[in-house]
Amino acid sequence: MAVYRNIVILTGAGISAESGLRTFRADDGLWEDHPVEEVATPEGFARDPDLVQRFYDERRAQVLAAEPNAAHRALGRLEREFTGELLLVTQNIDDLHERGGASSVLHMHGEALSAWCRACDARHLWQGTLRDGPACPTCGEAAMRPDIVWFGEMPYQMERIFAALAEADLFVSIGTSGAVYPAAGFVQQAADHGARTLELNLERSAGSHWFDETRLGTASTLVPQWVGEVLGA
């Protein structure tokens, strides 16, 4: 096993599926039985804000009811014990990485338990409803929306992610479809800068051919095994 000093990890919906959270979008284009365009675009929010707020209230409740699994806990262990540089990037909006022991997670698509005020740009930890138009704790305006990156919006902290990919000697993708950009392009970015690339997934993703190695199985089995290898090396 090679000794790595700089690792970038990308996680997707597959790592949280074993905790009971459904993947973002089914093959029929629905998310939790709703067309994605209705609940995950700025245009959908403008047309029917009540529907969108209700939808994310339900997602927030699901996240709070879920528990981290062995894969989340293994990555928490890796963050604590790895002596090199590590960046954990997730496409997921749940907080299961944090509850699994990771203290520094980059949520590139936002967070279910966060509310964003469009009036003053403040963000607040939020576990209750947004449907009743609560006032922003910072500015007092009733302009709060889910702190979620919708289709057509720019994912968070892309400059930081690309800088980390340029420095990584190992890029690992866990539980991702490899179909949603820009995250689907991270493996190519890392490889172009000389990193080894590893995919841990239930089945081959759309971008499997870009990886040096693909391991198939459940995240709760594969991730602890891999973390043990890294820390053992």
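Residues numbered from 1 in each chain as written. Predicted model: local features only at pLDDT ≥ 70, side-chain atom pairs only at ≥ 80, totals over all residues. Heavy atoms only, no water.

**Student:** Now, about the overall build of the protein chain: what can you tell me, with residues and values included?
**Tutor:** Helices and strands together make up the secondary structure of the protein chain, namely nine helices and 11 strands. Computed over the C-alpha atoms, the radius of gyration of the protein chain is 18 Å, within 12% of the 17 Å expected from 2.2 N^0.38 for a compact globule of 233 residues. When the 233 residues of the protein chain are sorted by exposure, 49% land in the buried category. In the protein chain, the proportion of contacts linking residues at least 24 apart, taken out of those at least 6 apart, comes to 65%. Approximately 10,800 Å² of the protein chain is accessible, and the part contributed by carbon and sulfur atoms is 49%. A distance of 3 Å separates the average location of the 19 positive side-chain charges in the protein chain from that of its 34 negative side-chain charges. (Helix = DSSP H or I, 4+ residues; strand = E, 2+ residues; numbered from the N terminus. Rg over C-alpha atoms; globule rule 2.2 N^0.38 Å. Buried < 20%, exposed > 50% of the residue type's maximum accessible area, 1.4 Å probe, protein only. Contact = heavy atoms within 4.5 Å. Areas by Shrake-Rupley, 256 points an atom, 1.4 Å probe, with all protein chains shown as cover. Lys, Arg positive; Asp, Glu negative; His and termini not counted. Charge placed at Lys NZ, Arg CZ, Asp CG, Glu CD.)

**Student:** Outline empty space enclosed by the protein, supporting the account with residue identities and numerical values.
**Tutor:** Using a probe with the size of a water molecule, rolled over the atoms, empty space left in the structure can be pinpointed. Taken as a whole and judged by the stated rule, the model has one cavity of 30 Å³ or more. What the largest cavity holds in volume is close to 100 Å³. Contributing to the lining of the largest cavity are 15 residues, with S173, T176, G178, A183 and A184 lying nearest its centre. For the lining of the largest cavity, a count of residues per class yields eight nonpolar, six polar and one charged. (1 Å grid on protein atoms, 1.4 Å probe; cavity = no way out; pocket = protein on both sides within 12 Å on 5 of 7 lines; lining within 4 Å. Points joined across faces, edges and corners; volume = space filled by probe spheres on them. Nonpolar A, V, L, I, M, F, W, Y, C, P; charged D, E, K, R; others polar.)

**Student:** Lay out the side chain of R59 in plain terms, naming residues and giving numbers.
**Tutor:** You can see R59 is positioned in helix α4 (residues 49–65). Taking the relative accessible area as the measure of exposure, R59 reaches 6% and is therefore buried. A polar side-chain atom of R59 sits 2.9 Å from the main-chain carbonyl oxygen of F55. (Polar contact = N/O pair within 3.5 Å; in protein donor to acceptor, adjacent residues only side chain to side chain.)

**Student:** If you had to explain the environment of S205 to someone new, which residues and values would you point to?
**Tutor:** On the secondary structure map, S205 appears in the loop between β10 (196–201) and β11 (213–216). The exposure class assigned to S205 is buried, which follows from its relative accessible area of 13%. For S205 and G175, which are 30 residues apart along the polypeptide, the C-alpha to C-alpha distance reads 8.7 Å.

**Student:** Outline the UniProt feature "binding site: substrate" (unreviewed entry) in the protein chain, supporting the account with residue identities and numerical values.
**Tutor:** Under the present numbering, the feature "binding site: substrate" (unreviewed entry) in UniProt falls on Y56 and R59. Position of Y56 relative to the elements: it lies in helix α4. (UniProt positions renumbered as here; feature names shortened; annotations may be inferred.)

**Student:** Can you break down the nonpolar core residue by residue, with the values?
**Tutor:** Within the largest apolar cluster, 23 residues are counted, with the highest numbers of intra-cluster contacts made by I7, I9, L75, V172, I174, V223 and W226. Sorting the residues of this core by element identifies β1 (6–11), α5 (70–81), β9 (170–174), β10 and α9 (219–232) as the ones contributing at least two each. Residue contributions to this core peak at six residues, all from α9. With 18 residues, the next largest nonpolar core counts V89, M108, M158 and A168 among its residues. (Core = buried A, V, L, I, M, F, W, Y, C linked by side-chain atoms within 4.5 Å.)

**Student:** Could you give an account of the packing of aromatic side chains, naming the residues involved and the relevant values?
**Tutor:** What the rule picks out here adds up to five aromatic pairs. Between F45 and W150 the ring centres are 5.4 Å apart and the planes differ by 45 degrees, which places this aromatic pair in the tilted class. Of this pair, F45 sits in helix α3 (residues 42–47) while W150 is found in the loop between β8 (144–148) and α7 (158–167), placing the two residues 105 residues apart along the sequence. Both residues of the pair, F45 and W150, count as buried. Here F55 and Y56 contribute two aromatic rings whose centre-to-centre distance is 5.0 Å and whose plane-to-plane angle is 80 degrees, an arrangement assigned as edge-to-face. The exposure class assigned to F55 is buried, which follows from its relative accessible area of 1%. Each member of the aromatic cluster is reached from another via a ring pair, and the members are F45, F55, Y56 and W150. Directly above the ring of W150 sits R145, whose terminal nitrogen or CZ lies 3.7 Å from the centroid. (Phe/Tyr/Trp six-rings, centres within 6.5 Å; stacked < 30°, edge-to-face > 60°. Lys NZ or Arg CZ within 6 Å of the ring centre and 35° of its normal.)

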